[in-house]
Amino acid sequence: VQLAESGGGLVQPGGSLRLTCIVSGRAFGYYPMGWFRQAPGKDSEFVASISWSGYTTNYADSVRGRFTISRNNAEKALFLQMTDLFPEDTALYLCATGGPRFGTGSSRRTEYDYWGQGTQVTVSS
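Residues numbered from 1 in each chain as written. Predicted model: local features only at pLDDT ≥ 70, side-chain atom pairs only at ≥ 80, totals over all residues. Heavy atoms only, no water.

Here we take up the overall build of the chain. A count of helical and extended segments in the chain gives zero helices and 11 strands. Along the chain, helices (α) and strands (β) appear in the sequence β-β-β-β-β-β-β-β-β-β-β when read from the amino end. The C-alpha radius of gyration of the chain comes to 13 Å, within 12% of the 14 Å expected for a compact globule of 125 residues. Each principal axis of the C-alpha distribution contributes one length, and for the chain these read about 40 × 25 × 25 Å. Among the 125 residues that make up the chain, the fraction classed as buried is 43%. (Helix = DSSP H or I, 4+ residues; strand = E, 2+ residues; numbered from the N terminus. Rg over C-alpha atoms; globule rule 2.2 N^0.38 Å. Buried < 20%, exposed > 50% of the residue type's maximum accessible area, 1.4 Å probe, protein only.)

Let us now look at the side chain of Arg66. Looking at the secondary structure, you find Arg66 in the loop between strand S6 (57–59) and strand S7 (67–72). A polar atom in the side chain of Arg66 sits 2.8 Å from the backbone oxygen of Ser62. For Arg66, the residues in contact, after removing those within four places along its chain, are Gln81, Met82, Thr83, Asp84, Leu85, Phe86 and Asp89. (Polar contact = N/O pair within 3.5 Å; in protein donor to acceptor, adjacent residues only side chain to side chain. Contact = heavy atoms within 4.5 Å.)

In total, this model carries one disulfide according to the counting rule given. There is a disulfide in this structure between Cys21 and Cys95, and the S-S distance comes to 2.0 Å. Across the disulfide from Cys21 to Cys95, rotation about the S-S bond amounts to roughly 60°, and the bridge is consequently right-handed. Pair noted here: Cys21 is in strand S3 (residues 17–24) and Cys95 is in strand S9 (residues 91–97), with a separation of 74 residues, a long-range link. Judged by its relative accessible area of 0%, Cys95 falls in the buried class. (Disulfide = S-S within 2.5 Å.)

What follows is the structure, given as structure tokens:
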């Protein structure tokens with residue numbers, strides 16, 4: 001199973017980015033997925049999760065209302081639309097898949113079996 005993130009970059013405060021995660025090697029549509037992030041010197045932080053169907057989503061308080069997680073099962077793709085970015089959103093963003101088939105998703109890292117390498121998001125003027 002391989003996950004490949006893309007879409008990161010340098011953006012000014014208040015700007016937007018859309019991250020994409022492409023999954024290969026598993027039945028993508030059966031499993032929940034999540035986004036996490038890790039800033040230098042800090043622990044990994046949950047960002048958002050989405051159920052296998054896409055109908056159930058969950059967000060960290062720090063991003064709720066600014067970030068939107070979505071998925072396209074036909075394309076085996078996971079997305080994270082980020083708006084109104086703050087400097088404190090700067091981090092390496094990683095996507096993950098795992099948990100039970102037909103699950104609703106989780107904020108716990110231990111629930112995910114497979115991880116991408118991450119895409120860097122830097123918010124700075």
